[in-house]
Amino acid sequence: MPKTESNAITLGTKAADFILADAEGKLYELSSFSEKPALLVTFISNRCPFVVLLREALAQFALEYAPKGLQIVAINSNDAKAHPEETLARIGEEVANFGYSFPYLKDESQTVAKAYRAACTPDLFLFDAERRLAYHGQFDDARPGNGKPVTGADIRAAVDAVLLGQKTSDKQVASIGCNIKWLEGNEPSSLSHAA
């Protein structure tokens, strides 16, 4: 199975704005979550084995941390024409099937993925109350086939620090997963020249 690591992004980077819809047509933007002290923007997929492995734990994590002040927003930027399991309708099914209590949005133009420099699914971006990047790393060290339990240990530690107003760990292990399925000709310039 091909593996792609998340891009290195400087901590402190401001969250990019967006306006995206969920499967019911409700629009969300960055300011929709302004009252929350922590925001986790996560790029996910309906089909990637790396996301399939953790989606139930992600749903539980969201329920556990929402009362503490964490808002999660999931974004699917994969090409739905080439991969029909990534359509807006299938996103709605995913929300219902796995109990996502957070918005799951479709980035059909892939402009939001490019603005965040997202590379893989899952790709997690944790922002503090000022919407500055505090953590960009893995959910935990579980991977398909490695036998490690899905605990969310890394993201939990980062969210706990942000909610306490503390600095996150300098040791942030890059997320790894399936590459974002770019529309033909829409690959970021850093990828379009790769052989």
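- Under an unreviewed UniProt entry, the name given to the protein is Peroxiredoxin, and the organism recorded is Phyllobacterium trifolii.

### A closer look at the sheet that holds strand β7 (residues 120-121)
Line of reasoning, step 1. If you walk across this open sheet you meet the three strands as β1-β10-β7, and the pairing is antiparallel. Of all the strands in the sheet, the pair left with one neighbour each is β1 (4-5) and β7.
Line of reasoning, step 2. The pairing of β1 with strand β10 (residues 176-179) spans two bridges and is classified as antiparallel. Paired with Thr-4 across the two strands is Gly-177, which belongs to β10.
Line of reasoning, step 3. On top of the sheet, helix α1 (residues 49-65) reaches β7 and β10; it is set at about 125° to β10, its chief contact.

### Description of the environment of Ala-129
Line of reasoning, step 1. Tracing the sequence through the fold places Ala-129 in the loop between β8 (123-127) and β9 (133-135).
Line of reasoning, step 2. In this structure Ala-129 comes out as partly exposed when scored by relative accessible area, which is 48%.
Line of reasoning, step 3. For the pair Ala-129 and Gly-69, spaced 60 residues apart in sequence, the C-alpha to C-alpha distance is 10.0 Å.

### Some thoughts on the environment of Lys-171
Line of reasoning, step 1. As for its position among the elements, Lys-171 is in the loop between α4 (153-163) and β10.
Line of reasoning, step 2. Counting along the chain gives 83 residues from Lys-171 to Leu-88, while the straight-line C-alpha distance between them is 35 Å.

### Structural notes on the packing of aromatic side chains
Line of reasoning, step 1. For the structure shown, the criterion picks out nine aromatic pairs.
Line of reasoning, step 2. Taking 4.7 Å as the distance between ring centres and 40° as the angle between the ring planes, the aromatic pair formed by Phe-61 and Tyr-65 counts as tilted. Taken as a pair, Phe-61 and Tyr-65 lie in helix α1 at a separation of four residues, close to a single helical turn. Taken individually, Phe-61 and Tyr-65 each receive the classification buried, so the pair is uniform in this respect.
Line of reasoning, step 3. Members of the aromatic cluster, each reached through a chain of ring pairs, are Phe-43, Tyr-116, Phe-125 and Phe-127.
Line of reasoning, step 4. Here Lys-68 stacks its cationic end above the ring of Tyr-65, 4.1 Å away from the centre of that ring.

What counts, and where the lines are drawn
- Residues numbered from 1 in each chain as written.
- Predicted model: local features only at pLDDT ≥ 70, side-chain atom pairs only at ≥ 80, totals over all residues.
- Heavy atoms only, no water.
- Pairing = 2+ DSSP bridges.
- Helix = DSSP H or I, 4+ residues; strand = E, 2+ residues; numbered from the N terminus.
- Contact = heavy atoms within 4.5 Å.
- Axes fitted to C-alpha atoms, helices over the stretch in contact; angles between N-to-C directions.
- Buried < 20%, exposed > 50% of the residue type's maximum accessible area, 1.4 Å probe, protein only.
- Phe/Tyr/Trp six-rings, centres within 6.5 Å; stacked < 30°, edge-to-face > 60°.
- Lys NZ or Arg CZ within 6 Å of the ring centre and 35° of its normal.

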